[in-house]
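Observations on the model geometry
Here are the chains, one letter per residue:
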Amino acid sequence: MKKNITAGIDFGNQTCILSIPTDNGVDIILNESSNRRTPSFVGYQEGRRTSGESAQQQQMISISNTITQLKRLVGLQFNSPECQKLIKEVPFQIICLKDGSAGIKLDNNEVLHVEQIVSYYLQSLLEIIKKKYPNIEQIVMTIPPNWTEIQRRSLLNSALISNIKISKLLDTSLASAISYVKIHGDRLPSDKSNAQNVIFVEFGDSSMNVSISKLTKSSIQIMSNVTDNSISGRQFSQILEEYLIEKVIQKYQIDPRGSQRSMIRFKQACEKVKKTLSSNPVVLFEVLSLTNDIDVSMPVKREEFECLIKKLVSQIKEKVEAAIQKAGLTKEEISHVEIIGGSS
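The following refers to the structure shown. Quick caveat: nothing in here was measured; it's all calculated off a predicted structure. (Residues numbered from 1 in each chain as written. Predicted model: local features only at pLDDT ≥ 70, side-chain atom pairs only at ≥ 80, totals over all residues. Heavy atoms only, no water.)

Soluble globular proteins tend to bury their nonpolar side chains together. With 45 residues, the main nonpolar core has Phe 11, Ile 67, Leu 73, Ile 94, Met 141 and Leu 155 as its most contacted residues. Ranked by the residues each element gives to this core, the list is headed by helix 4 (residues 114-132), at 10 residues. Every residue in contact with Phe 11, bar those within four places of it in the chain, is listed here: Cys 16, Leu 70, Lys 71, Val 74, Tyr 121, Met 141, Thr 142, Trp 147 and Leu 155. In this structure, Ile 245, Tyr 252, Leu 277 and Phe 305 belong to the second largest nonpolar core, which totals 38 residues. (Core = buried A, V, L, I, M, F, W, Y, C linked by side-chain atoms within 4.5 Å. Buried < 20%, exposed > 50% of the residue type's maximum accessible area, 1.4 Å probe, protein only. Helix = DSSP H or I, 4+ residues; strand = E, 2+ residues; numbered from the N terminus. Contact = heavy atoms within 4.5 Å.)

Taken as a whole and assessed by the stated rule, the structure comprises two aromatic pairs. A ring pair is formed by Tyr 180 and Phe 200, whose centres lie 5.7 Å apart and whose planes are at 80°; its orientation type is edge-to-face. Note that Tyr 180 is positioned in helix 6 (residues 172-184) and Phe 200 in strand 13 (residues 196-203), a separation of 20 residues in sequence. Phe 200 matches Tyr 180 in its accessibility class, with the two residues each being buried. Ring centres of Phe 266 and Phe 285 lie 5.2 Å apart, and the angle between their planes is 70°; on these two criteria the pair is classed as edge-to-face. Highlighted residues: Phe 266 in helix 8 (residues 260-276) and Phe 285 in strand 16 (residues 282-291), separated in sequence by 19 residues. Residue classification places Phe 266 among the buried residues on the basis of a relative accessible area of 0%. Here Phe 285 falls in the buried class, since its relative accessible area comes to 0%. (Phe/Tyr/Trp six-rings, centres within 6.5 Å; stacked < 30°, edge-to-face > 60°.)

As a further point, take helix 10 (residues 310-326). The end-to-end C-alpha distance of helix 10, which contains 17 residues, comes to 25 Å, matching closely the 24 Å that a straight helix rising 1.5 Å per residue would cover. Buried residues of helix 10: Leu 312, Ile 316, Val 320, Ala 323 and Ile 324, and no others. In an axial view of helix 10, the angular spread of the buried residues amounts to 140°, which keeps them on one side of the axis. Exposed and oriented more than 90 degrees from the buried face of helix 10 are Lys 310, Lys 311, Lys 317, Gln 325 and Lys 326. Those residues of helix 10 that are buried lie in contact with strand 13, strand 14 (208-215), strand 15 (220-228), helix 7 (233-252) and strand 18 (334-340). (Expected span 1.5 Å × (residues − 1). Arc of directions from axis to C-beta.)

Now the structure itself:
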């Protein structure tokens, strides 16, 4: 059997997926907890570093020293609107470094560059891969197509710190097209003159990207890309969180925003409700001992959530139409639409 020396890492804002190509397709590598997705977390506590599942488990013990949102932090400039927005969302301290980039300050006053944090996280991911495939020599990482040169170089610098060889940074739009050709090659034509136009609507935790690819059995041409950071899984979650916070205040006269630990548990419960509503018309939202030993419990209907996100959903159509126009196509020339991504 041919030995594989290149692994793939799908770099997500909430989680990463590790894989390796095989003769029969792609093998998803399970982490130390036997999960397909590894949380994008890095924790610092009492001179120790943890990552992934371990860092997520220690978050409640050391909230301000557990770093999340790694993908959004890569190449982030402190004075950018994205950084100022992120500062309001996370419980750890983001500071301005001498070069104007965003850095992290721990409780012990240690200052870390984002490249240092991401470097350790990548190193831990590679260790997971090497437990099953010790001969791995390099990795391919997927990144958003709208990433700037600064963001791309920042990720490469992180890999360089850990002596990890990244053979290629692969745009998610191209990665999606490659996967589609491998999976659905039998439905694609051989002749380029009959190539099919396929739309990929990718919903991630931090952004939505719409790409259009012209595909045949043996060729891929990316026709257009349209990215919107204001439409993402995180945005849908925040809308639900704000709604449920008001409901909790009305019913229980408590506000979870007064405690970081309460809000982390509240957000986790909201995320679970959001995902479960995809397959159930009614879901019970509940958090035990949210604050002051008060148990919170209330039903949430799918129609309530759909009403809340109606305006946000309407913006998706605009981005899809913009991608079609940018590609110089009409709707009638689109063969298939694929909805993908961690928040799909």
